[in-house]
Structures are given as C-alpha cells and as structure tokens.
Amino acid sequence: MNAILTFLKNILSLDNSESEVFESEVFDVIDKEHTGAVVIARPAHCVSRKQVNENALKVLYRLRKEGFDSYLVGGCVRDLLLGREPKDFDVVTNAEPEQIARIFSNCRLIGKRFRLAHVCYGRDVIEVATFRKAISDDKTQTPRLNKDGRLLQDNIYGTIEEDVWRRDFTINALYYNIRDFSIVDYVGGMDDHREGIIRLIGDAGERFREDPVRMLRAVRFAVKLAFRLDHDCQAAIAPNAHLLAGIPPARLYDEISKLFLTGYGVQTFELLRQHGLFSVLFPATDKSLMYEKADFPKMMVIKALGNSDQRIADNKPVTLYFLIAALLWEPMLRRAKEKIAKGLPESNAYYEAASETLTQQVRRIAIPRHLTLAIREVWNLQPKFNARVGAKPSRLLTHPRFRAAYDFLVLRAQTGDVPLDVVQWWETYQHENENTQRKMTQPQANEKSNKPKRKRTHRKKMKTSPVTPPPSAHDQ
Ligand code: ATP
Ligand code: MG
C-alpha cells in the first residue's frame, strides 16, 4: 500500500500538505455526504491547489473554517482538469449571502434575482454563490416559465445535490471540495470530460428552452475545448435556435464578445452557422451570405475573424467594433445601393443605410453606442481613401480613426472589394517623409486618380516630421 502511495505521489508531484490529507482516502470513493455522486479522490485527478488562485483558496478555507461547505465549481474545475488556466474561479457554498457578508469584511452582495457575494482583494474579485435549486424541483412552487419555457426565476437556495441539476453541461458541474481536495461528480462529468463531450444535464430540448443562451455556450465550449456536442445536444439546437431572439440584447452582447474575441472566431462562426444560430444573432449578415457573389461577404467575415484570432494568438489587443463593422459591411452596402438605385444621392444613401443597418442590429444585440459610433466612422472614411490628390490624404492621415479605417480598407482589398494598388499607395504614403508625401499627392503623380486635375494648395505642415497616422485600430 505504501509503495503504491509513494508511486502515486511521485507521478502526480503533489506538495506534502496535499498528500497528507489523502493518504487515508486514496481509494475511498464512497463519500457519505455526497450520496449518488462519484467522488474522485485527490490522487486520481490532476487538480492541484498550486494552480488555484490564492484569493479563491483564502475564501474556500475561510468558509470551511466557519463551518460551511465550500467548493470550486464550473469552468475553473473543467479548465484545470485540462491543464488550462481558468478565466475565473467560482466558489459555491451552503452559506447564504448574508452569512458570507458577515464572514468577509471585503465582501459586497450583488444582484437582485441571484444574490451573489463578491469577495474583493484589490482588483481580484472572487464570486461566491450559494447552492441553488432549479425552481422546477421545488414541489411547493410552480416554476416561473415564459410561454417558450424560459426560466424567469431561479433563486431558491438548495443543497449541492440540487445545485448540480441547474447547471448546464456535465463538464461544468464538477465540484472541487476544499475539505479533502476530491472532485465530486453527480452527472458523469468526468467521463464526458475524458471523452471530450458537451452533454446537457437532463433533457436537451427542455434545458435549451429554459435558457436559450446555453446553445451559444455549447458552441463556445465545443470550439474552445475542441470537444464535440453529444447527439441530443446537437439535435436540440436547430429546433430551438429561434428562441435566442427573445433573449435580452444586452445579454447577447456579452455572449458575442465571448464567442468572437477569445481566439477561435472563425471556427465559432462556422459552427454557429452550421447550427442555424448565426442567422438569429446577425440576421442581415446571414441574408447577405446567402446572396454571396464569388464568396465575397463570407470571405470578408472570415478574414476579419481570422485576423482577430491571429492578433489574439500574438497577444495583441482586439476590438469588437472592427469585427462588427466587417460583419455588417455587406448588408450596409446592399441597402445603400438600393437607395442609390431609387435616386438618393450617394452620401445620403450611405448615411441612411448605415443608420438603418445598425438600428436593426442593436435590436438583437445591444452594441454600445460608443461602438456604433466607431463603426460609422470606419465606414464613413472608406470613400475618402479614393482621394489621393491634394490636401485630402494628409487630412485623412491625421483623423483619429485613420488606423482602423485603413485596416478596414486592407481587409476589403484582401477580399477583392478594393483594388490592391489603392492599399499599396496608402501603405507607402503613410510611412513616407513629408516631401515624398507631397509629391505623391500632386496631380501628375496620381494618374489613376479620377479626380479632375486642378491646382490645389497644400495645408501648411510641420517641417520636422511627416504626417503620421494614429495607432492601430485595435489599440484605440
Ligand atoms: P468560462 O468562464 O470559461 O467562460 P464557465 O463555464 O465558467 O466558462 P461562467 O459563465 O463563468 O462559465 O459560469 C460558471 C458556471 O455556472 C458554469 O460552469 C455552469 O456550471 C454555470 N452556468 C453558467 N451559465 C449557465 C447557464 N446559462 N445555465 C446553466 N448553468 C450555467
Ligand atoms: Mg467561469
């Protein structure tokens, strides 16, 4: 027995304090407190306290010391099991929010529907939730569902055995117990984790109807973890996809940031389309993809997402407005062309088309106003890249949104929407010294310019340095 213990300790390279606790429990997977669960003792899994955020550990230990149960749950356990760094550490306990607040002086209670405790260590916030039960489990209460079956209330405290059933996927319902560092699994989450399967807890259709955002979460986790959706989960998405339209637009905005800005945008887009979810999130874009000519709109979207994925891989900042500008560009152009065909002057047509496209989109996804303004600016600046004579180029170069607009121009050129020589000209122009910049904007230097040749006066510029553009789109 001792030899086996030593062997296990060595291969798992645990610290001493951790190993002391499990010596008596190595093969003990029957835990009387967790009837019906499989309890994976510490030596049989790879989650170590060394990987856990130290403030989360403080919270777990303190709750335990005060006589409460405390566990890590959700994405952090799932990610630690995969050897990934979790985004956040969620603690769950049988202490009620007011009791948590009495224990931690650095605690504030938030939320009306879900009372949650935030224990704050400077900027590090550890979220502590009280076990809750699905309201449908409480026989004394009728579940509050809307006509589509969506849960409107979910805030009754419960036990760990009840808490588990209101979680979405089996891999998100694993509890790391601070008492003995075991993992408590009521729903076969460890098996699904090992096999790489995203499986809903309970009936897939019912769980999606209760909260349609779970469909987006299924796609997000499938892509991020390289897991596959189990058969029932997959089959239940298409018939329920339309229910996403009833989700508050602010919540969908939060979800799309997670979907598209975490480094797997292209794959996420493909999977969302495949399951009929993309058309609910971006109806106008989806329509333009159906009318695509020579793949252009799709390439635009994919290139934009691919560039963002690459920037994230290179640890560079990315912005959501740039992506949304790319997603909505083609629908906006279509609208503008229809208006021009009806006789509206070009500039009015583009202005109205931009307004209408954005207004329609924000009804579904609450894109904040400062982002819609940025999108408009990027779009508005596009025709200005055609002017390469006189003072206009140097004025454009100093525009605060020049870099974003230029990056957008490059994107359009990559998909054949703009001639490459226009981009090449701007690429050279913005990096040249003042003299060359002036020469480049003289009428004879720009034979391709379709502007009538007329004498122009240059704005007086600083003598010392050429006009330089502002920083990258994604740095703004
Ligand atoms: P990540 O934080 O890496 O995006 P996560 O799974 O931790 O993934 P959170 O939004 O932090 O996602 O949620 C924490 C946990 O709360 C989940 O793992 C899951 O158990 C539960 N949960 C979150 N959203 C839902 C939902 N819509 N329906 C049911 N359970 C949910
Ligand atoms: Mg999380």
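For clarity, every value in this text was computed on a predicted model and none was experimentally measured.

1. Comments concerning the overall build of the protein chain
Phase 1 of the analysis: In terms of helices and strands, the protein chain carries 22 helices and 12 strands.
Phase 2 of the analysis: A burial count over the protein chain gives 36% of its 476 residues as buried.
Phase 3 of the analysis: In the protein chain, once contacts between residues fewer than 6 apart in sequence are set aside, the share between residues at least 24 apart is 66%.

2. A closer look at the site of ligand 1
Phase 1 of the analysis: Every residue close to ligand 1 is listed here: G74, G75, K87, D88, D90, R167, D168, N172, A173, D211, V213 and R214.
Phase 2 of the analysis: Its residues assigned to classes, the shell around ligand 1 shows 2 nonpolar, 3 polar and 7 charged.

3. Regarding the sheet that holds strand β9 (residues 174–177)
Phase 1 of the analysis: Pairing within the open sheet is mixed, and its 8 strands lie in the order β1-β10-β9-β2-β3-β6-β5-β4. Of all strands in the sheet, those with a lone pairing partner are β1 (38–40) and β4 (107–110), marking the two edges. With direction set aside, neighbouring strand axes in the sheet form an average angle of 30 degrees.
Phase 2 of the analysis: In terms of strand pairing, strand β3 (residues 90–93) meets strand β6 (residues 124–130) through 4 bridges, oriented parallel. Looking at the pairing, D90 lines up with E127 of β6.

4. A look at the environment of K58
Phase 1 of the analysis: If you trace the backbone, K58 turns up in helix α3 (residues 54–65).
Phase 2 of the analysis: Spatially, the C-alpha atoms of K58 and I126 are 9.9 Å apart, while their sequence positions differ by 68 residues.

5. Description of α3
Phase 1 of the analysis: Its 12 residues give α3 an end-to-end C-alpha distance of 16 Å, which sits within 8% of 16 Å, the value for a rise of 1.5 Å per residue.
Phase 2 of the analysis: Burial in α3 covers these residues: A56, V59, L60 and L63. The buried residues of α3 occupy an angular sector of 95 degrees when the element is viewed end-on, so they sit on one face. Facing away from the buried side of α3 by over 90 degrees, the exposed positions are E54 and K65.
Phase 3 of the analysis: On its buried side, α3 packs onto β2 (70–73), β3, α5 (97–103), β5 (116–121) and β6.
Phase 4 of the analysis: One or two residues past the end of α3 sits G67, with phi positive at roughly 95 degrees.

6. What about helix α20 (residues 402–414)?
Phase 1 of the analysis: For α20, built from 13 residues, the straight-helix expectation of 18 Å at 1.5 Å per residue is met to within 8% by its first-to-last C-alpha distance of 18 Å.
Phase 2 of the analysis: F402, R403, A404, A405, Y406, F408, L409, L411 and R412 are the residues of α20 that are buried.
Phase 3 of the analysis: Looking at the residues trailing α20, positive phi occurs at G416, about 85 degrees.

7. A word on the pairing of β9
Phase 1 of the analysis: Neither face of β9 is open: one carries L174 and Y176, the other Y175 and N177, and all of them are buried.
Phase 2 of the analysis: Note that β9 and strand β10 (residues 183–185) share 3 bridges and pair antiparallel. Bridge pairing links Y175 to V184 in β10.
Phase 3 of the analysis: Counting the residues that bridge the hairpin from β9 to β10 gives 5 residues, and of these F181 lies at a positive phi of roughly 65 degrees.

8. A word on unusual backbone geometry
Phase 1 of the analysis: With a phi angle near 65 degrees, F181 is a residue other than glycine that sits in the positive phi range.
Phase 2 of the analysis: For F181, the position within the fold is in the loop between β9 and β10.
Phase 3 of the analysis: Taking the number of C-beta atoms within 10 Å as the measure of exposure, F181 has 22 and is therefore buried.

9. Let's talk about the environment of D309
Phase 1 of the analysis: Looking at the element boundaries, D309 is found in helix α15 (residues 296–313).
Phase 2 of the analysis: A count of 20 C-beta atoms within 10 Å places D309 in the buried class.
Phase 3 of the analysis: For the pair formed by D309 and L261, sequence separation is 48 residues and the distance between their alpha carbons is 7.6 Å.
Phase 4 of the analysis: Leave out the neighbours within four places in its chain, and D309 touches G263, Y264, G265 and V266.

10. Overview of the packing of α20 against helix α21 (residues 420–431)
Phase 1 of the analysis: Where α20 meets α21, the closest approach of the two axes is 9 Å, and the angle between their N-to-C directions is 150 degrees. In terms of orientation, α20 and α21 fall into the roughly antiparallel class. Two packed elements cross with a definite hand, and for α20 against α21 that hand is left-handed. On the side of α20, the interface is formed by Y406, L409, V410 and A413, while α21 contributes L420, V422, V423 and W426.
Phase 2 of the analysis: Considering only residue class, the contact of α20 with α21 consists of 8 nonpolar, no polar and no charged.

11. Section: the pairing of β6
Phase 1 of the analysis: Looking at chain direction, β5 and β6 are connected through 5 bridges and run antiparallel. Considered in β6, the bridge of H118 is made with E127.

12. Looking at the confidence of the model for the protein chain
Phase 1 of the analysis: Model confidence for the protein chain is summarised by a mean pLDDT of 86, while 81% of its residues fall at 70 or above.
Phase 2 of the analysis: Note that pLDDT drops below 50 for residues 5–17; the model gives that stretch 11 contacts with residues more than four away or on any other chain.
Phase 3 of the analysis: Across residues 19–28, confidence stays below pLDDT 50; counting only partners more than four residues off in sequence or on other chains, it has 17 contacts.

Quick notes on the rules
Residues numbered from 1 in each chain as written. Chains lettered and ligands numbered in written order. Predicted model: local features only at pLDDT ≥ 70, side-chain atom pairs only at ≥ 80, totals over all residues. Helix = DSSP H or I, 4+ residues; strand = E, 2+ residues; numbered from the N terminus. Buried ≥ 20, exposed ≤ 12 C-beta atoms within 10 Å, placed from the backbone. Contact = placed C-beta atoms within 7 Å. Near = placed C-beta within 6 Å. Nonpolar A, V, L, I, M, F, W, Y, C, P; charged D, E, K, R; others polar. Pairing = 2+ DSSP bridges. Axes fitted to C-alpha atoms, helices over the stretch in contact; angles between N-to-C directions. Expected span 1.5 Å × (residues − 1). Arc of directions from axis to C-beta. Parallel < 35°, antiparallel > 145°, perpendicular 65-115°, else oblique. Left-handed = near helix turned anticlockwise from the far one by under 90°. pLDDT = per-residue confidence, 0-100.

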